[in-house]
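Here is what each chain is made of, one letter per residue.
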Amino acid sequence: MQLFSDFDGTISIQDVTDVVLSCFAEPEWEDIEQQWKDGLIGSAECMHRQIALVRASRRELDAILDTVAIDVGFLAFRDYCRINGLALTIVSDGVDYFIRHVLMRNGITDLPVVANLLHCNLVDGRESYSLAPAPNSAGCSSSSGVCKCRVVSGTEPQVYIGDGRSDFCVAGRADLVFAKDNLADYCSDKNIPFIAFDNFADLLSRMKAVIPSIARQRRAALQSKIA
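Here is what the cut-offs are and how they apply
- Residues numbered from 1 in each chain as written.
- Predicted model: local features only at pLDDT ≥ 70, side-chain atom pairs only at ≥ 80, totals over all residues.
- Heavy atoms only, no water.
- Core = buried A, V, L, I, M, F, W, Y, C linked by side-chain atoms within 4.5 Å.
- Buried < 20%, exposed > 50% of the residue type's maximum accessible area, 1.4 Å probe, protein only.
- Contact = heavy atoms within 4.5 Å.
- Pairing = 2+ DSSP bridges.
- Helix = DSSP H or I, 4+ residues; strand = E, 2+ residues; numbered from the N terminus.
- Phe/Tyr/Trp six-rings, centres within 6.5 Å; stacked < 30°, edge-to-face > 60°.
- Salt bridge = Lys/Arg side-chain N within 4 Å of Asp/Glu carboxyl O.
- Axes fitted to C-alpha atoms, helices over the stretch in contact; angles between N-to-C directions.
- Arc of directions from axis to C-beta.
- Parallel < 35°, antiparallel > 145°, perpendicular 65-115°, else oblique.
- Left-handed = near helix turned anticlockwise from the far one by under 90°.
- Nonpolar A, V, L, I, M, F, W, Y, C, P; charged D, E, K, R; others polar.

Engineer: It is not clear to me how the nonpolar core should be interpreted in this structure. Could you clarify?
Structural biologist: Within soluble globular proteins, side chains that are nonpolar tend to cluster in buried spots. Counting 54 residues, the largest nonpolar core has L3, V54, F74, F77, F98, F178 and M207 as its most contacted members. When near neighbours in sequence (up to four residues on either side) are disregarded, F178 contacts V159, Y160, I161, G162, L183, I195, F197, L203, R206, M207 and V210. Listed in part, the 19 residues of the second largest apolar core include F4, V170, C187 and I192.

Right under this line is the structure:
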C-alpha cells in the first residue's frame, strides 16, 4: 500500500510558498496569483513567474522557513507508516527546497518529496531564483508543475491525503482519499468518496479503522482479474 500526502496546508500549517512570497516577492506576485485563481494560467506558469520575483538571500529564506510549523500529529503518523511498512511520499505543487527545509527542521529526513525544483543563481553578487517542474510532469492536463496523477499511480492500493485545489484532479484516481477544507468541499460536490479529517491525529485514528478493508478489497479485485 502506498500513501501520498500534499504538504502546504496539509502537513504544514501555512502555505510555505505564500509565506515566502509575502515576505520577499515583489508585489506583482499577487496579480499573478489572481490570474491563476481566475483560471487564466496554470499553476506551473504561476509558480514559475512568482518565484522569479523573490528578492532574498538564501540565509533570509532559511530564516523565514524556520518559522513555518507543521501539524503536531504528523510525526506520529509518519512513525506509524514506517513501523507498519506503509510507503509514504510527499507530493506537492509547491517548492522542494522549502518543503525539505521545513521537514529537516522537524527532524524528518527519510521521506521522498516530489515537488517543483528550486534553482538558485548568483546575478551581480545576489541570489536569484527560478523554478523547474518535476521531471514527470510534462504535459500535465491540469497545467501543474507537478502532475500528481502521474505520481499517484500503480498496482498497489493508493491512499491520498490533501486539502486544496492542487489535489482536485488526483482525488478521483486514488483508492482512498482523506480530505479537509477545499478538497473536502470538492469531493462532496463531485461525489468522490472521501474521509474527512481535521488534523493528522484525527486522520491516523480514522486510517487505522479503514485501511485493512481497503487492502482486502484491492487484493480481491486483482485476484478476480487474474481468474
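Engineer: What am I meant to see in the pairing of strand β1 (residues 2–5) here?
Structural biologist: Residues in a regular strand project their side chains so that they alternate between the two faces of the sheet. Direction of pairing for β1 relative to strand β2 (residues 87–95): parallel, over a ladder of 4 bridges. By the bridge assignment for β2, Q2 is matched with A87. Looking at chain direction, β1 and strand β5 (residues 158–162) are connected through 4 bridges and run parallel. Bridge pairing in β5 places S5 opposite I161.

Engineer: How should the environment of Q14 be read in this particular structure?
Structural biologist: Position of Q14 relative to the elements: it lies in the loop between β1 and α1 (16–24). Of the residues examined, Q14 reaches a relative accessible area of 35% and is grouped as partly exposed. Once the C-alpha coordinates of Q14 and D71 are considered, the two residues, 57 residues apart in sequence, prove to be 9.7 Å apart.

Engineer: Would you explain the packing of aromatic side chains in this entry?
Structural biologist: Aromatic ring pairs are defined here through the distance separating the ring centres and the angle between the ring planes. As enumerated under the stated definition, the model contains 5 aromatic pairs in all. On the basis of an interplanar angle of 5° and a centroid distance of 4.1 Å, the ring pair of F168 and Y186 is categorised as stacked. Here F168, found in helix α8 (residues 168–171), pairs with Y186, found in helix α9 (residues 181–189); they are 18 residues apart in sequence, far enough to count as distant. For F168, a relative accessible area of 22% gives the class partly exposed.

Engineer: Whenever I open this one, the pattern of salt bridges confuses me. Can you help?
Structural biologist: Proximity of charged atoms lets side chains of opposite charge pair with each other. Counting across every chain of the model gives 10 salt bridges. Measuring nitrogen to oxygen at the nearest pair gives 2.9 Å for the salt bridge that ties D79 to R82. Placement of the pair is D79 and R82 together in helix α5 (residues 74–83), with a separation of 3 residues, close to one helical turn. The class for D79 is partly exposed, based on a relative accessible area of 27%.

Engineer: Is there a simple way to explain unusual backbone geometry in this structure?
Structural biologist: Excluding glycine, residues mostly carry a negative phi; peptide bonds, for their part, are mostly trans. The residue D181 is not glycine, and still its phi comes out positive at about 55°. Within the element layout of this structure, D181 appears in helix α9. The exposure class of D181 is partly exposed, given its relative accessible area of 48%. Even without a glycine there, the phi angle at N191 is positive, about 55°.

Engineer: Just checking my understanding: could you explain the sheet that holds β1 for this structure?
Structural biologist: Sheet strands pair by backbone hydrogen bonding; their relative direction is either parallel or antiparallel. Strands sit in the order β4-β3-β2-β1-β5-β6-β7 across an open sheet of 7 strands; the sheet is mixed. At either margin of the open sheet sits one strand with a lone partner, and together these are β4 (126–132) and β7 (195–196). The sheet contact formed by β5 and strand β6 (residues 176–179) spans 4 bridges and is parallel. Residue pairing across strands places V159 opposite L176, the latter belonging to β6. Across the sheet, α9 lies against β5 and β6, angled at about 130° from β6, the strand it touches most.

Engineer: Could you clarify how one ought to interpret helix α4 (residues 58–65) in this entry?
Structural biologist: The α-helix advances 3.6 residues per turn, and as a result positions three or four apart in sequence lie on the same side. Inspection of α4 places L61, I64 and L65 among the buried residues, and these make up the whole buried set. Seen along its axis, α4 keeps its buried residues to an arc of 100°; they face one direction. Its buried side turned inward, α4 meets α1, α6 (96–105) and β4.

Engineer: Help me understand the packing of α4 against α6, please; the structure alone is not making it clear to me.
Structural biologist: Helix-helix packing is characterised by the crossing angle of the two axes and by the distance between the axes. It is the contact of α4 with α6, at a shortest axis distance of 10 Å, that shows an interaxial angle of 55°. By the angle between their directions, the pair α4 and α6 is classed as oblique. Crossing handedness for the pair α4 and α6: right-handed. Residue-level inspection shows R58, L61, D62 and L65 of α4 in contact with α6, the latter providing Y97, F98, H101 and V102. Looking at the contact of α4 with α6 residue by residue, the class counts come to 5 nonpolar, 1 polar and 2 charged.

All quantities given are derived from atomic positions and should not be read as evidence of function.
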